[in-house]
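Architecture at a glance
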Amino acid sequence: MIASHGPIPVSDYMALANAHYYAARDPLGAAGDFTTAPEISQMFGELVGLALADLWDRAGRPEGARYVELGPGRGTLAADALRAMRAAGLEPEVHFVETSPILRAAQAERVPNARWHEDLHTLPEDGPILAVANEFFDALPVRQLIATGTGWRERLVTLDGDRFVPAAGPPVPAAAIPDPLRAAQPGTLLETSPASLAYVRLLARRMNRHGGGALIVDYGHDRASAGETLQAVRMHDYANPWIEPGESDLSAHVDFESLARAAAEADVRVQGPVAQGDWLARLGIDARAEALAGSAPHRRDEVRTARDRLVSPEQMGRLFRVMGLSAPGWPAPEGFA
Ligand code: SAH
């Protein structure tokens, strides 16, 4: 495409590479490229399910609530969350937003009665939503804007021989650059994710009309800042994002400040972001770990190790952040204060 039509924006490159990457494989777990929180322990999905069931309960147990998950991977989080919800008296209809046929098949094995969507536009327009996205937003494409001696430009991907290389492209309007960065040093890089903002706005619009809440869990930063975070991961190691696109997972840190602003502008309430470790601790992961270890003493070490991976600040506990959204008139989700 680049050879015949010319350079493309980094965001298009990332979207095309990830569409191929996720359509062609199940990347999760020890034998794959990376491991996510729900694949580490059932405790993660159970606590997500309980947090959503508790929110629904305090909202007065409205009829017709739907469980909506963005990028459900193998369906592990959903299976664990739905089991915990059922124990709390909630049996919602299940809607998955997933583009990968391979992962849809894996999800159907664990959650056979789910319905699938390419994006949020086809989700039925009635009833509250109880939504969750774990490591979904980091996979959505980012634009890269780069400061040059002649102003800010969009970064494109072009070819140097048979190698892909990033290069400064056309100027971007000054309005796209936050004030403090207008006169940044040449070479300064800024990432934005219009696709992520669009997802948050669609979630917010549904919550405004029909109620509900959402939990967004991802690695990222609480304050928007300059710098490149686009990365490639392959077989549990970093790879070069410009080599063999579609064969490694491309992701970027989630800019929670921009997501929170988009949600607030759409009139939904925002909680956090807080550290995943603190959030899981407030929701009672230690009590759950104790109960699991008590009922299967031979698994005590395994449960302890999994709990530490999810909670400890040196592991996933601090880098991963949790943000909560809730509809006007709904209570705030638990675990944020
Ligand atoms: N939530 C899962 C999987 C995370 S991997 C877990 O925590 O284990 C990212 C997931 O998002 C995959 O299911 C992938 O297929 C899906 N995905 C990535 N980009 C997408 C897009 N643009 N639209 C819909 N789904 C997407």
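See the structure shown above.
Residues numbered from 1 in each chain as written. Predicted model: local features only at pLDDT ≥ 70, side-chain atom pairs only at ≥ 80, totals over all residues. Heavy atoms only, no water.

All right, on to the overall build of the chain then. Scanning the chain from terminus to terminus reveals 11 helices and 16 strands. For the chain, the C-alpha radius of gyration of 20 Å lies close to 20 Å, the compact-globule estimate for 337 residues. Looking at the chain as a whole, 53% of its 337 residues qualify as buried. Counting only contacts in the chain whose residues sit at least 6 apart along the sequence, the fraction spanning at least 24 positions is 75%. Here the chain displays about 14800 Å² of accessible surface, and carbon together with sulfur accounts for 52% of that area. Each charge class in the chain can be summarised by its mean position, and for the 32 positive and 44 negative side chains these summaries are 3 Å apart. (Helix = DSSP H or I, 4+ residues; strand = E, 2+ residues; numbered from the N terminus. Rg over C-alpha atoms; globule rule 2.2 N^0.38 Å. Buried < 20%, exposed > 50% of the residue type's maximum accessible area, 1.4 Å probe, protein only. Contact = heavy atoms within 4.5 Å. Areas by Shrake-Rupley, 256 points an atom, 1.4 Å probe, with all protein chains shown as cover. Lys, Arg positive; Asp, Glu negative; His and termini not counted. Charge placed at Lys NZ, Arg CZ, Asp CG, Glu CD.)

Compared with the 24 Å implied by 1.5 Å per residue over 17 residues, the 24 Å span of helix α4 (residues 42-58) between its first and last C-alpha is a close match. When you tally the buried positions in α4, you get 12 out of 17 residues, the bulk of the element. For α4, the capping residue at the N-terminal end is S41, with a side-chain oxygen 3.0 Å from the backbone nitrogen of M43. (Expected span 1.5 Å × (residues − 1). Polar contact = N/O pair within 3.5 Å; in protein donor to acceptor, adjacent residues only side chain to side chain.)

With that out of the way, let us pick up unusual backbone geometry. With omega at 5°, the peptide bond leading from G272 into P273 counts as cis. Following the sequence through the fold, P273 ends up in strand β15 (residues 269-275). In the Ramachandran plot, R61 falls in the positive-phi region, its phi being about 50° despite a non-glycine side chain. By secondary structure assignment, the location of R61 is in the loop between α4 and β2 (66-70). R61 gets classed as partly exposed once you look at its relative accessible area, which sits at 41%. Not every positive phi belongs to a glycine, and E135 is a case in point at roughly 50°.

A few words now on the nonpolar core. Membership of the largest hydrophobic core comes to 74 residues, with the highest contact counts inside it found for Y67, L70, L120, F137, W279 and L310. Here this core takes 9 residues from α4, the largest share from any one element. What W279 contacts, discounting residues up to four positions off in sequence, is V48, A51, L215, V274, V322, E334, G335 and F336. (Core = buried A, V, L, I, M, F, W, Y, C linked by side-chain atoms within 4.5 Å.)

This part takes up the sheet that holds strand β12 (residues 237-239). What the 3 strands build is an open sheet, ordered β12-β11-β13; its pairing is antiparallel. Whereas interior strands pair on both sides, the edge strands pair on one side only; in this sheet they are β12 and β13 (249-251). For this sheet, the mean inter-axis angle between neighbouring strands, taken without regard to orientation, is 40°. Pairing of strand β11 (residues 231-234) with β12 involves 3 bridges; the strand directions are antiparallel. Counterpart to R234 in the pairing with β12 is D237. (Pairing = 2+ DSSP bridges. Axes fitted to C-alpha atoms, helices over the stretch in contact; angles between N-to-C directions.)

Attention shifts here to the pairing of strand β8 (residues 163-171). By the bridge criterion, 7 bridges tie strand β7 (residues 151-160) to β8 in an arrangement that is antiparallel. Bridged to V157 within β8 is P166. Hairpin remark: β7 followed by β8, antiparallel, with 2 residues in the connecting loop; positive phi at G161, about 65°.

Moving on: the pattern of salt bridges. For the structure on display, the rule yields 26 salt bridges. Here R155 ties to E228 by a salt bridge, and the two come within 3.3 Å at their closest N and O atoms. Placement of the pair is R155 in strand β7 and E228 in the loop between β10 (212-221) and β11, with a sequence separation of 73 residues. Note that D160 and R163 form a salt bridge whose closest N and O atoms lie 3.3 Å from each other. Looking at D160, the relative accessible area reads 43%, which means it is partly exposed. Among the charged side chains, a network of salt bridges with common partners joins E46, D80, R83 and R288. (Salt bridge = Lys/Arg side-chain N within 4 Å of Asp/Glu carboxyl O.)

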